[in-house]
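So the chains spell out like this:
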Amino acid sequence: MQWTPEQQWAVSVDRHAIVTASAGSGKTAVLVRRYVELVLSGVDPRAIVAITFTRKAAAEMYARIAAEIDRQIAEATAPQEIARLKPLRECLTGAPISTIHSFCAQLLRRFPIEAGILPNFTELTEPEAERLAQEVAIQVLEELLMEGRSSEIWRFVREYGRRQTLAFVALALRNIERWVFIRPALGRSVEERVQQARSTFWELFRRTVRRIVDGLLQCAELLQSSDRGRSGNQKAEISELCLRLSSLVSAEDRGEESVMYELWRQLRELAFRKDGQPRSCLEIAEPEFTRLARAVVQMDAITSAWQDRCADEQMFHWIDTLDRIVVAVQDQLEQEKRSRNVLDFN
């Protein structure tokens with residue numbers, strides 16, 4: 001294979017390398033060659049960790065590495081070279097070329113006492129893990145409702161229904177790392193969280209409005225139009241709204257939030273179409289045209305959230321209630337997995 005200069009640099013084993021490239025550009029070929037070069041330089045294959053995302057990719061990588069070493073054995077003529085290559089090929093059988101889950105399973109089986117598990121555990125497939133989580137979630141939710149000690153959980157289920165509640169729990173379990181990340185914030189009072197959320201919201205509102213207004217004000221056609229007809233009047237109105245919004249955004253006065261919102265609503269109607277694209281009278285060219293359209297779509301989502309702000313406090317209460325359910329399901333799920341001696345690496 002004819003290597004490019006960049007590929008040749010990457011296959012050299014005298015340096016660390018990170019390779020990023022699009023699909024079909026030869027990343028796997030480079031990785032295989034680098035692996036072979038490491039083995040030929042004297043590194044034991046069992047000391048090289050090669051990780052892939054899927055079992056199919058791991059099998060393909062193993063086959064290509066084995067084929068390359070077999071090719072070199074077949075082409076070798078010196079007895080010393082053949083004697084050096086054959087043990088390497090035999091060691092390849094136990095080399096850790098696998099998915100990250102398989103590699104972790106190997107580590108756990110080697111160090112079960114340190115991991116606090118039994119060495120003969122079974123790995124759950126993704127469908128099996130989801131089925132077990134669903135069974136446990138149904139059981140835990142029914143127990144929580146039967147206990148009758150939590151009126152909040154009853155209200156939550158009445159609000160969303162059993163099916164949607166279980167869907168929320170399943171989603172949280174599938175994204176448990178993110179859920180655990182936000183959990184410390186749930187320890188703060190609802191009032192504090194509402195205040196912080198609205199502060200963050202208005203910072204996002206200001207940044208996005210500033211980006212849109214600056215983009216509009218940079219258009220010479222908008223500020224210096226000689227058109228005295230309807231189009232010229234519309235541009236003048238847009239220019240005036242931009243200047244007023246720019247002044248308010250720069251002042252960062254929280255007391256002017258309602259005024260800013262109303263000015264933005266007027267600017268949105270005058271300067272942009274329903275899909276967020278700037279109106280033709282503004283004569284905005286690419287790439288600013290696309291940048292403004294994207295920013296306006298984002299602002300539409302922000303203003304929609306602003307209109308629903310009265311529900312913020314109740315939503316934080318619902319999140320607290322959902323967290324109670326998720327914690328109960330998570331604890332029971334861990335107990336169930338230990339009793340069955342299974343792992344799902346979630």
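So, a few notes on the structure that sits alongside this text. (Residues numbered from 1 in each chain as written. Predicted model: local features only at pLDDT ≥ 70, side-chain atom pairs only at ≥ 80, totals over all residues. Heavy atoms only, no water.)

1. Re a nonpolar patch on the surface
- A cluster of nonpolar side chains, namely Val49, Ile51 and Ile100, defines an oily patch on the protein surface of about 230 Å² accessible area.
- By the element assignment, Val49 lies in the loop between α2 (27–40) and β1 (50–52). (Patch = residues over 30% accessible without salt bridge, like charges linked within 9 Å, V, L, I, M, F, W, Y side chains within 5 Å. Areas by Shrake-Rupley, 256 points an atom, 1.4 Å probe, with all protein chains shown as cover. Salt bridge = Lys/Arg side-chain N within 4 Å of Asp/Glu carboxyl O. Helix = DSSP H or I, 4+ residues; strand = E, 2+ residues; numbered from the N terminus.)

2. Looking at the nonpolar core
- The biggest cluster of nonpolar side chains holds 32 residues, and the ones touching the most others in it are Phe205, Ile212, Leu216, Trp264, Leu267 and Phe272.
- Elements with a contribution of two residues or more to this core: α10 (190–217), α12 (230–251), α13 (257–271) and α14 (288–307).
- Setting aside residues no more than four positions away along its own chain, Phe272 makes contact with Ile212, Leu216, Trp264, Leu267, Gln277, Pro278, Arg279, Leu292 and Val296.
- Counting 25 residues, the second largest nonpolar core, distinct from the first, contains Ile176, Val326, Val329 and Val342. (Core = buried A, V, L, I, M, F, W, Y, C linked by side-chain atoms within 4.5 Å. Buried < 20%, exposed > 50% of the residue type's maximum accessible area, 1.4 Å probe, protein only. Contact = heavy atoms within 4.5 Å.)

3. Some words on the pattern of salt bridges
- Taken as a whole and judged by the stated rule, the model has 25 salt bridges.
- Measuring nitrogen to oxygen at the nearest pair gives 3.1 Å for the salt bridge that ties Arg84 to Glu81. Of the two residues, Arg84 and Glu81 both sit in helix α4 (residues 79–91), three residues apart, roughly one turn of that helix.
- Glu81 gets classed as partly exposed once you look at its relative accessible area, which sits at 28%.
- Here the salt bridges do not stand alone but share partners, grouping Arg33, Glu37, Glu68, Arg71 and Glu75 into one network.

4. With respect to unusual backbone geometry
- In this model, Glu286 is joined to Pro287 through a cis peptide bond whose omega is 0°.
- Locating Pro287 in the fold gives a position in the loop between α13 and α14.
- Of note in the backbone geometry, Asn341 takes a positive phi value of approximately 60° without being a glycine.
- As for its position among the elements, Asn341 is in the loop between α15 (312–340) and β4 (342–343).
- Asn341 gets classed as buried once you look at its relative accessible area, which sits at 15%.

5. Topic: the packing of helix α8 (residues 151–174) against α15
- Interaxial distance between α8 and α15 falls to 10 Å at its minimum, and their mutual angle equals 60°. Taken together, the axes of α8 and α15 lie oblique to each other. When the axes of α8 and α15 are compared, the crossing they make is right-handed. The segment α8 lies against α15, with Glu152, Ile153, Arg155, Phe156, Glu159, Tyr160, Thr165, Phe168, Val169, Ala172 and Leu173 engaging Met315, Trp318, Thr321, Leu322, Arg324, Ile325, Val326, Val329 and Gln330.
- Here the contact of α8 with α15 is built from residues that sort into 13 nonpolar, three polar and four charged. (Axes fitted to C-alpha atoms, helices over the stretch in contact; angles between N-to-C directions. Parallel < 35°, antiparallel > 145°, perpendicular 65-115°, else oblique. Left-handed = near helix turned anticlockwise from the far one by under 90°. Nonpolar A, V, L, I, M, F, W, Y, C, P; charged D, E, K, R; others polar.)

6. As for the side chain of Arg193
- Its place among the elements puts Arg193 in helix α10.
- Among the polar contacts made by the side chain of Arg193, one reaches the main-chain carbonyl oxygen of Arg188 at a distance of 3.1 Å.
- Discounting chain neighbours no more than four positions away, the residues touching Arg193 are Ala185, Leu186, Arg188, Phe316 and Asp320. (Polar contact = N/O pair within 3.5 Å; in protein donor to acceptor, adjacent residues only side chain to side chain.)

7. Topic: the packing of helix α7 (residues 126–147) against α8
- Closest axis-to-axis distance for the α7/α8 pair is 10 Å, and the angle between their directions is 155°. Considering their axes alone, α7 and α8 lie roughly antiparallel with respect to each other. Two packed elements cross with a definite hand, and for α7 against α8 that hand is right-handed. Contacts between α7 and α8 pair Glu130, Ala133, Ala137, Ile138, Leu141, Glu142, Leu144 and Leu145 from the former with Ile153, Trp154, Val157, Arg162, Thr165, Leu166, Val169, Leu173 and Arg174 from the latter.
- Within the contact of α7 with α8, the residues separate by chemical class into 12 nonpolar, one polar and four charged.

By themselves, these figures tell us nothing about what the structure is for.
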